[in-house]
Amino acid sequence: MTQNTPQDNKALTLKLVVMTLAMFGFGFALVPLYSVFCEITGIRSAIVETDANQVIETPDIDREVTIEFVANRIVGAAWEFEPSVTKMKVHPGKLYSTTFFARNLLDRPITGLATPDIKPAAANKYFQKTECFCFTEQKFGASESRDMPVRFIIDPELPEHVDTVTLSYTFYSQTELASAAR
């Protein structure tokens, strides 16, 4: 067995410091890299809030698209979660509103977060939410329930072959996930 010299220890320490700084820098680089990835794939328009005051409605009254609403939750989650309506016929270019209902089934406060999914993928960049409960954490008191709003507009440039769009949310309990991770 060879013995490490002080020079070996200094070299190892320097390598570890450089690696730590590189990982730290990579963590900061992930934010702009993620933004570029979302722009390329069209995911960005599905998850980025649009200013409702800047929406200019240009309805295409000759075209109708069916929007399906789906609510998912983790099996065993302490939530009741469902869309107020499961289907809606809309005209591209017109602003619409709906709600999703959620109820905390626990006798203690809980925090949740919803993640959206839009299908087909070709509709991602044409489905724009101006208001959504998915933009922020949802804090519920013990046994609290409420309707959570979603306002959206379908861009009239939505490809003609897309006549049905599904907006699906999975509602996660951040409180339960944090407890399970411990």
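Each remark here, short or long, concerns the structure printed above.
Reference entry: report on the structure contained in this document. (Residues numbered from 1 in each chain as written. Predicted model: local features only at pLDDT ≥ 70, side-chain atom pairs only at ≥ 80, totals over all residues. Heavy atoms only, no water.)

**Re the sheet that holds strand S4 (residues 95-104)**
How we decide: DSSP bridges decide pairing: two strands pair if at least two such bridges lie between them. Secondary structure counts use DSSP, requiring at least four H or I residues in a row for a helix and at least two E residues in a row for a strand, with both numbered from the N terminus. Under this scheme, a helix contributes an axis fitted over its contacting stretch, all axes are lines through C-alpha atoms, and angles between N-to-C directions fall in the 0 to 180 degree range.
Strand order in the open sheet formed by 4 strands is S2-S4-S8-S6, and the pairing between neighbours is antiparallel. With partners counted over all chains shown, the strands left at the sheet margins are strand S2 (79-83) and strand S6 (127-132), one partner each. Taken over all neighbouring pairs, the strand axes of this sheet differ in orientation by 25° on average, direction set aside.

**Things to note about the pattern of salt bridges**
Note the threshold: One speaks of a salt bridge when a side-chain nitrogen belonging to Lys or Arg is within 4 Å of a carboxyl oxygen belonging to Asp or Glu.
Summed over the entire model, instances satisfying the criterion amount to 5 salt bridges. A salt bridge links Glu 144 to Arg 146; the shortest N-O distance between them is 2.8 Å.

**Focus: the environment of Pro 116**
Note the following rule: Think of it in three bands: with a 1.4 Å probe and only protein chains considered, a residue is buried below 20% of the maximum accessible area for its type, exposed above 50%, and partly exposed in between.
Turning to its location among the elements, Pro 116 is positioned in strand S5 (residues 110-119). Judged by its relative accessible area of 23%, Pro 116 is partly exposed. In sequence terms Pro 116 and Leu 167 are 51 residues apart; their C-alpha atoms lie 6.9 Å from each other.

**Here we look at the packing of aromatic side chains**
Operational definition: Only the six-membered ring of Trp is used, alongside the rings of Phe and Tyr, when aromatic pairs are assigned; centres must lie within 6.5 Å, and planes under 30 degrees apart are stacked while those over 60 apart are edge-to-face, with the rest tilted. Any Lys NZ or Arg CZ that is within 6 Å of a ring centre and within 35 degrees of that ring's normal is treated as a charge sitting over the ring.
A full pass over the atoms with the stated rule returns 14 aromatic pairs. Both rings, one in Trp 79 and one in Phe 140, keep their centres 5.0 Å apart while their planes meet at 75°; by these two values the pair is edge-to-face. Remark: Phe 140 occurs in strand S7 (residues 138-140) and Trp 79 occurs in strand S2; sequence separation between them is 61 residues. Each of the two residues, Trp 79 as well as Phe 140, counts as buried. Where Phe 140 meets Phe 171, the ring centres are 6.4 Å apart and the plane angle is 80°; that geometry is what we call edge-to-face. Of this pair, Phe 140 sits in strand S7 while Phe 171 sits in strand S9 (residues 164-173), and the two are 31 residues apart along the sequence. Take Phe 140: its relative accessible area is 2%, and that puts it in the buried class. Through successive ring pairs, a cluster of aromatic residues spans Phe 69, Trp 79, Phe 81, Tyr 96, Phe 100, Phe 127, Phe 133, Phe 140, Phe 152, Tyr 169 and Phe 171. Of note, Arg 146 hangs over the ring of Phe 140, and the distance from its end group to the ring centre comes to 3.9 Å.

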